[in-house]
Amino acid sequence: MFYVIYPLLWLLSLLPLKVLYAFSPLMYFLIYRVAGYRKKVVRQNLQNSFPELSASERRKIEKNFYRFFADLLLEIVKLLYISDKELLQRVKFVNVEEFFECCRQGKYPILMLGHYGNWEWILTISLLMPENCESFTVYKRLKNRKFDQFMKSLREKRGAVMVEKRNLARNMIRWAKEGKFGAYGFIADQSPSGKNLRNWTTFLHQPTAILPGAEELARKFNYPVFYARVSRPKRGYYSCEILPIAREPRTTSDNEISTRFMQLLEEDILAHPELWLWSHRRWKIKPLIDEVKKDN
């Protein structure tokens, strides 16, 4: 099936983005109206996250999310055939000098971002990395091998070095010894696995398990942590402001970095909720009563 779909995606990617967007209403109709892709998940997430809103207000967010999701899929397809020049015209990075200076000094800054806006386009910060500095993108291998290879190749096309989570700590130590400078990118709003289920916070009105990886590594190696604040000024264009979270992670308390990340992400979601990936099962793990009491 993949070998049938891929040529079609490549042909679509040859079209200008403004032409590609003409397919967005059809994709919205098929995904939302016909297939109802994860509609129950989206509705439950919105109901729990916005209990103060009326059903009609939540339904409006739901529809706007699926419209944006259709655009997002087309924008990801466009990565197959888009020049670096056009991509950097469409994604503006703001307040990046401190982040890049950390790269130059061999401090290995960590950039935390969520599934908000077009995170795949934001990862193209690799195109702007200082000389002799790499953009290490941390990822978890997808179950579908062909799709995993497809997404990995899209990211590597812009110069990113893909690092699988299970090999990350070992590679971080090796690259530091070799003097291979760079920065690490973490998409940090996924639901943690059972073995990492230790700490909780409140996120969008709900007890939420903290994904600990980025913070634990930052505190272990004292790598400074930054947040990617994403906005969408208009269709097909994004802005990403790099905000410091912790310049000296070893001086922070437990969960301080992760909690601050989730606070910043929550601010962005509340400002423009349609831009977050409501279809992913962020709250599939529920806390025990004792865990909630301990956190509070």
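Scope of this entry: the structure provided in the associated data block. Fair warning: this is a prediction, and the values are worked out from it, not measured in the lab.

Conventions and cut-offs
- Residues numbered from 1 in each chain as written.
- Predicted model: local features only at pLDDT ≥ 70, side-chain atom pairs only at ≥ 80, totals over all residues.
- Heavy atoms only, no water.
- Helix = DSSP H or I, 4+ residues; strand = E, 2+ residues; numbered from the N terminus.
- Buried < 20%, exposed > 50% of the residue type's maximum accessible area, 1.4 Å probe, protein only.
- Contact = heavy atoms within 4.5 Å.
- Pairing = 2+ DSSP bridges.
- Axes fitted to C-alpha atoms, helices over the stretch in contact; angles between N-to-C directions.
- Patch = residues over 30% accessible without salt bridge, like charges linked within 9 Å, V, L, I, M, F, W, Y side chains within 5 Å.
- Areas by Shrake-Rupley, 256 points an atom, 1.4 Å probe, with all protein chains shown as cover.
- Salt bridge = Lys/Arg side-chain N within 4 Å of Asp/Glu carboxyl O.
- Lys, Arg positive; Asp, Glu negative; His and termini not counted.
- Charge placed at Lys NZ, Arg CZ, Asp CG, Glu CD.
- 1 Å grid on protein atoms, 1.4 Å probe; cavity = no way out; pocket = protein on both sides within 12 Å on 5 of 7 lines; lining within 4 Å.
- Points joined across faces, edges and corners; volume = space filled by probe spheres on them.

Quick notes on the environment of Val161
Here comes step 1: By secondary structure assignment, the location of Val161 is in strand β4 (residues 160–164).
Here comes step 2: The class for Val161 is partly exposed, based on a relative accessible area of 21%.
Here comes step 3: In this structure the C-alpha to C-alpha distance between Val161 and Ser126, which are 35 residues apart in sequence, comes to 8.9 Å.
Here comes step 4: Ignoring sequence-local partners within four residues, the contact set of Val161 consists of Glu134, Ser135, Phe136, Thr137 and Trp175.

Observations concerning the sheet that holds strand β1 (residues 91–94)
Here comes step 1: The strand order across the open sheet formed by seven strands is β1-β9-β8-β2-β5-β3-β4, and the pairing between neighbours is mixed. Both edges of this open sheet fall to β1 and β4, since each of them pairs with a single strand only. Sheet twist, expressed as the average angle between the axes of neighbouring strands with direction ignored, equals 30 degrees.
Here comes step 2: As defined by bridge partners, β1 adjoins strand β9 (residues 237–246) across four bridges and the pair is classed as parallel. Bridged to Val91 within β9 is Tyr238.
Here comes step 3: Packed onto the sheet, helix α9 (residues 145–156) meets β3 (134–139) and β4 and runs at close to 140 degrees relative to β4.

Focus: a positive patch on the surface
Here comes step 1: Judged by side-chain charge, Arg38, Lys140, Lys143, Lys165, Arg281 and Lys284 come together as a positively charged surface patch.
Here comes step 2: Along the chain, the position of Arg281 falls in the loop between α12 (256–271) and α13 (289–295).

What about the environment of Ile31?
Here comes step 1: Checked against the element boundaries, Ile31 lands in helix α3 (residues 24–34).
Here comes step 2: Given the relative accessible area of 14%, Ile31 is considered buried.
Here comes step 3: Along the primary structure Ile31 and Tyr66 are separated by 35 residues, whereas in three dimensions their C-alpha atoms are 7.7 Å apart.
Here comes step 4: Once residues within four sequence positions are removed from consideration, Ile31 is found in contact with Gly36, Tyr37, Tyr66, Phe69 and Leu73.

A closer look at empty space enclosed by the protein
Here comes step 1: Scanning the entire structure with this criterion turns up two cavities of 30 Å³ or more.
Here comes step 2: In terms of lining residues, the largest cavity is bounded by 13 residues, among which Leu111, Leu123, Ile125, Ser135 and Gly185 are the most central.
Here comes step 3: Only β2 (110–113), β3 and β5 (182–187) provide two or more residues apiece to the lining of the largest cavity.
Here comes step 4: The computed volume of the second largest cavity comes to approximately 60 Å³.
Here comes step 5: Lining the second largest cavity we find Leu79, Glu120, Leu123, Thr124, Ser126, Leu154, Arg155, Arg158 and Ala160.

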